[in-house]
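These are the residues of each chain, in order.
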Amino acid sequence: MIEREKMIRGEFYNPADDELVKMRQKAHRLCTQYNQTFETDEATRCAILRDLLGKFDEEEIYFQGPIFFDYGVNIFIGKNFYANFNTTILDVCPVTIGDNVMLGTGVSLLTPVHPLKYKERLTGLECGKPIIIEDNCWLASNVTVLGGVTIGAGSVIGAGSVVTRDIPPNSFAAGNPCKVIKEI
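Computed from a predicted structure; not experimentally measured.

Caption draft 1: Region of the structure containing the side chain of Arg45. Here Arg45 lies in helix α3 (residues 42-52). For the buried Arg45, which has no salt bridge, the nearest side chain bearing the opposite charge is Glu39, at an N-O separation of 5.6 Å. Looking at Arg45, its side chain comes within polar contact range of the side chain of Tyr34, at 3.5 Å. Excluding residues that lie within four positions of it along the chain, Arg45 makes contacts with Tyr34, Thr37, Phe38, Glu39, Tyr62, Phe63 and Gln64.

Below, the structure is given as structure tokens:
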């Protein structure tokens, strides 16, 4: 099995693999191009996203920029999506975002997982866990979502939250670690 397949499956993989390094370099170059493109140049921005992302609805997606992605190709976005300034998505595993989702400024979606034991970290291997954000969610400013989390449809995550566990549908959740405050 090649390293890319291991990565997407959430197994330990070598991020120094030549194919993965080239993929990251391409994504970082495209992110830089996007970030240097004026928001009024919608055609250029859309062309960059088409080359960068796994799947999205071209007419109903908007990243304010700047954006920072690891690979891009493992990001899948539904209709009517909006992300404000400074969106970071580290997509070593799939990041699936449903329809009608809004991300506030400084939102980070982080799928990588590193070993806790230093001897294992020294091997350079890492793994990841996917993130799913279902339809009709709003993640307020500076929310961090860790790998392995699903945020249920219709949920709102309060500003500054660190989401380490699944959030059920139609919930308002906040805090560090993020917890459900009330049902919406």
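Caption draft 2: Representation of helix α2 (residues 18-35) in the model. A rise of 1.5 Å per residue sets the reference length of α2, with its 18 residues, at 26 Å; its end C-alpha atoms lie 26 Å apart and thus fit the reference within 8%. Buried residues along α2 sit in contact with α1 (3-9), α3, β1 (61-63) and β2 (67-69). The opening residue of α2, the one whose side-chain oxygen lies 3.2 Å from the backbone nitrogen of Glu19, is Asp17.

Caption draft 3: Up close: the pairing of strand β5 (residues 87-90). Across three bridges, β2 lies against β5 in parallel orientation. Looking at the pairing, Phe68 lines up with Thr88 of β5. Pairing of β5 with strand β8 (residues 108-110) involves three bridges; the strand directions are parallel. Bridging across to β8, Ile89 finds its partner in Leu109.

Caption draft 4: Structural view of the packing of aromatic side chains. Taken as a whole, this structure holds three aromatic pairs when the rule is applied. Ring centres of Phe63 and Phe69 lie 5.5 Å apart, and the angle between their planes is 65°; this geometry places the pair in the edge-to-face category. Here Phe63 and Phe69 have matching classes, each one buried. Measuring from centroid to centroid gives 5.1 Å for Phe63 and Phe81, while their planes differ by 55°, and the two rings are tilted. One end of the pair, Phe63, is in strand β1; the other, Phe81, is in strand β4 (residues 81-83), with 18 residues separating them in the sequence. Across the pair, exposure class does not vary: Phe63 and Phe81 are buried alike.

Caption draft 5: Summary view of the packing of α2 against α3. Their axes nearest at 10 Å, the elements α2 and α3 cross at an angle of 165°. Taken as axis vectors, α2 and α3 run roughly antiparallel relative to one another. In the packing of α2 onto α3, the handedness of the crossing is left-handed. Contacts from Lys26, Ala27, Leu30, Cys31, Gln33 and Tyr34 of α2 reach α3 at Arg45, Ile48, Leu49, Asp51 and Leu52. Residue classes in the contact of α2 with α3 are distributed as seven nonpolar, one polar and three charged.

Caption draft 6: Structural view of the environment of Asn86. Along the chain, Asn86 falls in the loop between β4 and β5. Along the backbone, Asn86 and Tyr62 are 24 residues apart, and their C-alpha atoms lie at a distance of 13 Å. Excluding anything up to four places from it in sequence, Asn86 contacts Gly65, Pro66, Phe68, Gly106 and Val107.

Caption draft 7: Seen up close, unusual backbone geometry. Here Gly65 and Pro66 are connected by a cis peptide whose omega angle stands at 0°. Within the secondary structure layout, Pro66 lies in the loop between β1 and β2. Note that the residue after Asn176, namely Pro177, is joined by a cis bond; omega there is 0°. In this fold, Pro177 is placed in the loop between β17 (171-175) and β18 (178-183). Of note in the backbone geometry, Asn80 takes a positive phi value of approximately 55° without being a glycine. Mapped onto the elements of the fold, Asn80 is located in the loop between β3 (75-77) and β4. Asn80 sits in the partly exposed class, given a relative accessible area of 44%. Although it is not a glycine, Asn86 sits at a positive phi angle of roughly 60°. By relative accessible area, which is 37% here, Asn86 ends up partly exposed.

Here is what the cut-offs are and how they apply
- Residues numbered from 1 in each chain as written.
- Predicted model: local features only at pLDDT ≥ 70, side-chain atom pairs only at ≥ 80, totals over all residues.
- Heavy atoms only, no water.
- Helix = DSSP H or I, 4+ residues; strand = E, 2+ residues; numbered from the N terminus.
- Buried < 20%, exposed > 50% of the residue type's maximum accessible area, 1.4 Å probe, protein only.
- Lys, Arg positive; Asp, Glu negative; His and termini not counted.
- Salt bridge = Lys/Arg side-chain N within 4 Å of Asp/Glu carboxyl O.
- Polar contact = N/O pair within 3.5 Å; in protein donor to acceptor, adjacent residues only side chain to side chain.
- Contact = heavy atoms within 4.5 Å.
- Expected span 1.5 Å × (residues − 1).
- Pairing = 2+ DSSP bridges.
- Phe/Tyr/Trp six-rings, centres within 6.5 Å; stacked < 30°, edge-to-face > 60°.
- Axes fitted to C-alpha atoms, helices over the stretch in contact; angles between N-to-C directions.
- Parallel < 35°, antiparallel > 145°, perpendicular 65-115°, else oblique.
- Left-handed = near helix turned anticlockwise from the far one by under 90°.
- Nonpolar A, V, L, I, M, F, W, Y, C, P; charged D, E, K, R; others polar.

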